[in-house]
Amino acid sequence: MTATPFHVYDTTLRDGAQQEGMNLSVADKLAIAPLLDELGVGFIEGGWPGAVPKDTEFFRRAAKELELRHAVLAAFGATRKAGTRAWDDPQVRALLDSEAPVVTLVAKSDVRHVERALRTTPAEGLAMISDTVAFLVGEGRRVVVDAEHFFDGHRFDPAYSRAAAEAAFEAGAEVVTLCDTNGGMLPHWVTDVVTEVRESLGLPHGRDAVAGDRLLGMHAHNDSGCAVANTLAAVAAGAWHVQGTVNGYGERTGNVDLVTVVANLELKHGLRTLAGDGLEDATRIAHAVAEITNISPYARQPYVGASAFAHKAGLHASAIKVDPDLYQHIDPTAVGNDMRMLVSDMAGRASIELKGRELGYDLSGQGELLTRVTTRVKDAEAQGYTFDAADASFELLLREELTGTRQTYFRVESWRTIVETVVGASGPVPGHDADGRDADAVAEATVKLHAGGERIVATGEGNGPVNALDQALRSALTRVYPQMEKFELIDFKVRILDAQQGTDATTRVLVETTDGQHSWSTVGVGPNVIEAAWESLIDAYVYGLLHAGVEPR
């Protein structure tokens, strides 16, 4: 008989959307769903139709607008209410109306929740599961039951938790997902519970399951920091259905990161979990989802984070130069990521050589050059610069050492910026504080420079001195270099380096700029944020023009 395929069930659009600060529109969900399908998951939980109006709208539009190649949509909802009939419950009817082929029911499997939250009897709690599952199966739906608070309930009253799972299976559920709803389990506890439940219900280990066999699943939260480990433990114990979210989104500390789970299962255990070759695009997909949610990607995220395969220490670099696998647990391209060499005061000549190669410069055999660059990097970092996250600034430094001259597109004559706050010449303005703290401030900057054979004077206004300088610099240069119209500052970070100096402290600024297709980062250091920002802006525009293939004018 045909073996049962492994189930990867994504709940980013429903459970992930409960993360603090996340608010997904219907359009957002419709944009994320194809990315999840591209990853190769088998199920996409779209939301709770009938309970959440946006989710009802999502399923209505998804039926017309989504063309999924690998995944099927699942509608999430609850079992019937106590004392009612499943076919009369409007929430259950809404699950049918969603037209989703799969329905996932959340069911109480902790008897304490049945008695205290639902305020009904244990027998009625089991009947609520059985009746709702049987009704939906009878209507032609595939049913997954999420046994809420299963692990906590099993520790309190294992007989009732097992009875809840058994009731779901006997009524026709394909999968009963054991939920660590509070996220407090540890891997060996999960192993024991999943093994005990599987054996007591007479279920095969997932690897031995064939078509038609009932499956256990795992739904983990990360409150104990063990969500990934707990999910892997459940799979090892026989669960063959895992639920999670891309990037580990979810309430409190989040759900299990589904990409990390499937990468571990596929790359470490050799278990086929995804349809197609989506794992090879996991980094791009995870970052694309992050863009839609408007939550910055976590650089240290396993497998797909920007720092997941970044190496800094000189000792590592020397070994990586010989064999990259010596300091990497997998080939980063297996998940669509790349190895990066970080240039810092810990760097040796090997780090510089590898970083140069990454940027497209062959520095092999150029020992004197490598020594000069290494010395400059270490001296610069002693002054407060950091090139870990400023590849563009490092490349400009490297090019200067290679060519003997700094790339220039313009010559600055002078610049200044003014910030003015008008409180009121004749006394406090009504409705404003006398000290002017809530009055509007206006920033203006003037830049004088030479470019394209002419002297240019430009002014700019902004919501602060740095923004005003940026506007003035753009105004001056775009008339000579129209390519700059595409450049946009997308991130701006300020770090006080010697806080004990108070307002006289040295400041470091990191700027990220994009041309709409690629982004790059530059660094500046100065006695104040304005001077540091000016340096990083200059580098950003020089680098952008250089890589756009523009010749100095």
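The preceding data block contains the structure.
Source: prediction; values computed, not measured. (Residues numbered from 1 in each chain as written. Predicted model: local features only at pLDDT ≥ 70, side-chain atom pairs only at ≥ 80, totals over all residues. Heavy atoms only, no water.)

Moving on to the overall build of the chain. When its secondary structure is counted, the chain shows 17 helices and 16 strands. Each of the three principal axes of the chain carries a C-alpha extent, and together these read 85 × 70 × 50 Å. Contacts in the chain between residues at least 24 apart in sequence constitute 69% of all its contacts with a sequence separation of at least 6. (Helix = DSSP H or I, 4+ residues; strand = E, 2+ residues; numbered from the N terminus. Contact = heavy atoms within 4.5 Å.)

Now for the sheet that holds strand β2 (residues 43–47). Taken in spatial order, the eight strands line up as β1-β2-β3-β4-β5-β6-β7-β8 and close into a barrel, and their pairing is parallel. With direction set aside, neighbouring strand axes in the sheet form an average angle of 25°. Contacting β4 (102–108), β5 (142–148), β6 (175–180) and β7 (215–220), helix α7 (residues 158–171) crosses the sheet at an angle of about 150° to β6. (Pairing = 2+ DSSP bridges. Axes fitted to C-alpha atoms, helices over the stretch in contact; angles between N-to-C directions.)

Turning our eyes to something else, we now look at the layout of surface pockets. In this structure, the largest pocket spans a volume of roughly 2,000 Å³. If you trace the largest pocket, you find 48 residues lining it, with Ala306, Glu512, Ser519, Trp520 and Ser521 closest to the centre. Those elements that provide at least two residues to the lining of the largest pocket are α11 (282–293), α13 (349–359), α15 (391–403), β14 (488–496), β15 (507–514), β16 (519–526) and α17 (529–547). Looking at which element gives the most residues to the lining of the largest pocket, the answer is α11, with four residues. Among the residues making up the lining of the largest pocket, the classes are represented as 20 nonpolar, 14 polar and 14 charged. (1 Å grid on protein atoms, 1.4 Å probe; cavity = no way out; pocket = protein on both sides within 12 Å on 5 of 7 lines; lining within 4 Å. Points joined across faces, edges and corners; volume = space filled by probe spheres on them. Nonpolar A, V, L, I, M, F, W, Y, C, P; charged D, E, K, R; others polar.)

For His7, the location among the structural elements is in strand β1 (residues 7–10). According to the relative accessible area criterion, His7 is buried, its value standing at 9%. Leaving out residues up to four positions away in the same chain, His7 has contacts with Phe43, Val175, Leu215, Trp240, His241 and Val242. (Buried < 20%, exposed > 50% of the residue type's maximum accessible area, 1.4 Å probe, protein only.)

Here the focus is empty space enclosed by the protein. Evaluation of the coordinates by the stated rule reveals one cavity of 30 Å³ or more. Lining the largest cavity, in full, are Arg198, Leu203, Pro204, Gly206, Arg214, Leu215, Leu216 and Gly238. Looking at the lining of the largest cavity, its residues break down into four nonpolar, two polar and two charged.

This brings us to the sheet that holds strand β11 (residues 411–421). Sheet strands pair via backbone hydrogen bonds, and the direction of the pair is either parallel or antiparallel. Ordered in space as β11-β12-β13, the three strands form an open sheet in which the pairing is antiparallel. In this open sheet, the two edge strands, each paired with only one partner strand, are β11 and β13 (454–462). Across the sheet, the mean angle from the axis of one strand to that of its neighbour is 10°, orientation sign disregarded. Across nine bridges, the pairing between strand β12 (residues 441–451) and β13 is antiparallel. Residue His450 lies in a different strand from β13, and its bridge partner there is Arg455.

Looking now at the pattern of salt bridges. Proximity of charged atoms lets side chains of opposite charge pair with each other. A complete count under the given rule lists 27 salt bridges for this structure. Of the charged contacts in the structure, one is a salt bridge between Arg142 and Glu174, with a shortest N-O distance of 3.0 Å. Taken as a pair, Arg142 in strand β5 and Glu174 in the loop between α7 and β6 lie far apart in primary sequence, 32 residues in all. Its relative accessible area of 30% is what places Glu174 among the partly exposed residues. The closest approach of N and O atoms between Glu400 and Arg376, which form a salt bridge, is 3.6 Å. Of the two residues, Glu400 sits in helix α15 while Arg376 sits in helix α14 (residues 367–382), which places them 24 residues apart along the sequence. (Salt bridge = Lys/Arg side-chain N within 4 Å of Asp/Glu carboxyl O.)

The quantities given are spatial measurements derived from coordinates; they are silent on function.
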